Amino acid sequence: MEVQTRVDVFEDIFLVFLGLGTIVGVVVISYTLYNAYKYRDTGDPGDDEDLPSVGELPTGGKGGKKLFLSFGLSAIIVISLVVWTYGMLLYVEDGPDEPEEAIEIDVEGFAFGWNFYYENGVESDELVVPVDEPVRVQVTSDDVWHSFGINGLRAKADAIPGEQDETWFMAEETGEHTVECFELCGFGHSGMNAPVEVVEQDRYDEWLDEMLTMNITLEDENGDRVTEGFELSLEHQENDQYEEDLSFSYDEADFENGTISITEIEQGGDYDLEITPTDDQFEPVEDSVEFVEPVDETYTLEGLVEETEETDDESDDADDGGDN
Ligand SMILES: [Cu+2]
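Described below are features of the structure shown in this document.

Some words on the coordination of the copper ion
Taken together, the protein donors to the copper ion comprise H146 (ND1), C181 (SG), C185 (SG) and M192 (SD), at separations of 2.0 to 2.5 Å. Classification of the site at the copper ion rests on its four donor atoms, whose angles at the metal span 91 to 125 degrees, yielding the label tetrahedral.

Focus: the environment of T276
In this structure, T276 sits in strand β15 (residues 269–277). Overall, T276 belongs to the partly exposed group, its relative accessible area being 28%. Ignoring sequence-local partners within four residues, the contact set of T276 consists of G229, F230, E231, F282 and P284.

Brief notes about helix α2 (residues 65–94)
Its 30 residues place the ends of α2 43 Å apart at the C-alpha level, agreeing with the 44 Å of an ideal helix rising 1.5 Å per residue. Listing the buried residues of α2 in full gives L81, T85, M88 and V92. Check the buried side of α2 and you find it contacts α1 (6–38) and β8 (165–169).

Details of the pattern of salt bridges
With the rule as written, the count across this model stands at three salt bridges. E206 is the salt-bridge partner of R203, the closest N and O atoms lying 3.1 Å from each other. Of this pair, R203 and E206 both sit in helix α3 (residues 201–211), three residues apart, roughly one helical turn. Residue R203 pairs with E210 through a salt bridge whose shortest N-O separation is 3.4 Å.

Definitions and limits used
Residues numbered from 1 in each chain as written. Predicted model: local features only at pLDDT ≥ 70, side-chain atom pairs only at ≥ 80, totals over all residues. Heavy atoms only, no water. Donors = N, O, S within 2.8 Å, 3.2 Å for Na, K, Ca; no water. Tetrahedral: all angles 85-135°; square planar, octahedral: opposite > 155°, others 65-115°. Helix = DSSP H or I, 4+ residues; strand = E, 2+ residues; numbered from the N terminus. Buried < 20%, exposed > 50% of the residue type's maximum accessible area, 1.4 Å probe, protein only. Contact = heavy atoms within 4.5 Å. Expected span 1.5 Å × (residues − 1). Salt bridge = Lys/Arg side-chain N within 4 Å of Asp/Glu carboxyl O.

Pasting the structure below:
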């Protein structure tokens, strides 16, 4: 993929300015030295017709041709530099017009740290991005003015409450960078950093999957694992806003020793969780789970254990109560 990164652009601009500046400097200084030598005081008033005398306006010889030439050249150089640099900076602002969608991450600064919100609902306090992919960030703040910046990737955007500032960046190599705050925002300003991890695309996908892993364990009131007689269902609280159906259900066969590790859900968000008994053995459980990072939850099912004695799961009904 031949996409120029911001780092490339700024390097180009720097090199062009350095190169042109050096050429112009060499020409000007050599010409000055040449004339200083040519018109040096030899102690001989001389007979050189070209020699200007005090008070006389220099004509530049040959009808101002030299003057015209130097003004013309300077104008061409300066104007083309301005136009070219402006074009490059527009590119830096807008990013490449990539046909495939760029990764979009919402960034929120707060006193004193950063939160990153991914498209699939994952929330993280470290910024993990794939290498060689343009990443667009929408930056805002939760409290006071901050400024989001990653030196190594030449990215910078204001973080202002109620406003969205957009920028983009692309990393050409895997590795680590740091998000820093560039707006003096309070006593914690200097420590307002977040790690940036640039990883291979595969590792990035894996990370997003790992972030959406939900481990659920079911126990009875004695702390023993519950292995049968239940169903578990999960439904995204805004299920109707997604194309795919974000409701999932599991039964005892999907569990192993009272635990299930759910990895198939690819959309983060708030989920309604329900654990229902298949035969009234315990009180149904309803919960709301904020599923934006790995969840590890243990639920205690009430009513499975008779009050005065311990019973095994497979013993007779727990809900007729009393001693037998
Ligand atoms: Cu700050």
